[in-house]
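Architecture at a glance
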Amino acid sequence: EPGADGVSLALAGEAEGAPRSPTRGGEHDKRRPRKRETYAYDRVFGPEVGQEEVFGEVSEFVQSALDGYQVCLLSYGQTGSGKTHTMQGAGSGPMRGIIPRAMEQVAAYCAQQRTRGWAYEMEVTYVEIYNEQVR
């Protein structure tokens, strides 16, 4: 359930004594009882938010990478919630996602800096983890 601030989430564990979810090995996890966990997020985007607005929020990460910082952007959510669509998007118009927009920003910055005599060497990696498999 969303918190009063709209960007935090509290998850309650299973009731004490309730059956536990099996672990990867198929046995129940008896190490410790679950406790209530609270997570805080910088921003949560609803389904009505467009790709441009989402990228506007994260484009500073791209600039930080260009400035030499290591950057990681994580898209997390349940199956069907739009993670892949947000990251990859669709086509070359307004529905393009974070990855193509980030590459456009990088290319524009590099072109601008080349006119000033700068040369760049960079490495970009993106991965998708689906059902605990890197794809």
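Okay, so let's go over this structure. It should be emphasised that the depicted structure is a prediction, and the values quoted were computed from it without experimental measurement. (Residues numbered from 1 in each chain as written. Predicted model: local features only at pLDDT ≥ 70, side-chain atom pairs only at ≥ 80, totals over all residues. Heavy atoms only, no water.)

With that settled, the discussion passes to the overall build of the chain. Looking only at helices and strands, one finds three helices and four strands in the chain. Secondary structure elements in the chain, listed N-terminal to C-terminal, are β-β-α-α-α-β-β. Counting over 135 residues, the chain shows a buried share of 16%. Expressed as a percentage of contacts within the chain between residues at least 6 apart in sequence, the contacts between residues at least 24 apart total 45%. For the chain, the exposed area adds up to about 11,200 Å²; of that, 51% sits on carbon and sulfur atoms. (Helix = DSSP H or I, 4+ residues; strand = E, 2+ residues; numbered from the N terminus. Buried < 20%, exposed > 50% of the residue type's maximum accessible area, 1.4 Å probe, protein only. Contact = heavy atoms within 4.5 Å. Areas by Shrake-Rupley, 256 points an atom, 1.4 Å probe, with all protein chains shown as cover.)

Attention now moves to helix H3 (residues 98-114). For H3, spanning 17 residues, the distance from its first C-alpha to its last is 24 Å, which sits close to the expected 24 Å at 1.5 Å a residue. By the burial criterion, the buried members of H3 are Ile 98, Ile 99, Arg 101, Ala 102, Val 106, Tyr 109, Cys 110 and Gln 113. At its buried positions, H3 is contacted by helix H1 (51-66) and helix H2 (83-88). (Expected span 1.5 Å × (residues − 1).)

Let's shift gears to the pattern of salt bridges. Under the definition given, this model contains three salt bridges. Across the pair Arg 43 and Glu 53 runs a salt bridge whose closest N-O atoms are separated by 3.1 Å. Placement of the pair is Arg 43 in the loop between strand E2 (37-40) and H1 and Glu 53 in helix H1, with a sequence separation of 10 residues. Under the relative-accessibility criterion, Arg 43 is labelled partly exposed at 32%. Among the ionic pairs, Glu 57 bridges to Arg 43, the shortest N-O distance being 3.1 Å. Pair noted here: Glu 57 is in helix H1 and Arg 43 is in the loop between E2 and H1, with a separation of 14 residues, a long-range link. Exposure remark for Glu 57: the relative accessible area of 42% places this residue in the partly exposed category. One network of salt bridges, with partners in common, ties together Arg 43, Glu 53 and Glu 57. (Salt bridge = Lys/Arg side-chain N within 4 Å of Asp/Glu carboxyl O.)

Another point: H1. The terminal C-alpha atoms of H1, which comprises 16 residues, lie 22 Å apart, in line with the 22 Å expected from a rise of 1.5 Å per residue. Maximal helix bending in H1 amounts to about 45°, located at Glu 57. All of the buried residues in H1 are Gln 51, Val 54, Phe 55, Val 58, Ser 59, Val 62 and Leu 66. Structurally, H1 contributes buried residues whose contacts are with H2 and H3. (Bend = angle between axes of the 7 residues up to and from the residue.)

Before going further, it helps to spend a moment on a nonpolar patch on the surface. Judged by side-chain polarity, Met 103, Trp 118, Tyr 120, Met 122 and Val 124 come together as a nonpolar surface patch covering roughly 490 Å² of accessible area. Structurally, Tyr 120 can be placed in the loop between H3 and strand E3 (129-130). (Patch = residues over 30% accessible without salt bridge, like charges linked within 9 Å, V, L, I, M, F, W, Y side chains within 5 Å.)

Looking at the element boundaries, Gly 68 is found in the loop between H1 and H2. Taking C-alpha positions, Gly 68 is 9.9 Å from Met 122, a pair spaced 54 residues apart along the chain.

Let us look at the environment of Gln 113. Mapped onto the elements, Gln 113 comes out in helix H3. Those residues within four positions of Gln 113 in sequence are excluded, and the remaining contacts are Trp 118 and Tyr 120.

In this structure, Phe 55, Val 62, Leu 66, Ile 98 and Val 106 are the most contacted members of the largest nonpolar core, which totals 13 residues. Contact partners of Leu 66, with chain neighbours within four places excluded, come to Val 106 and Tyr 109. (Core = buried A, V, L, I, M, F, W, Y, C linked by side-chain atoms within 4.5 Å.)

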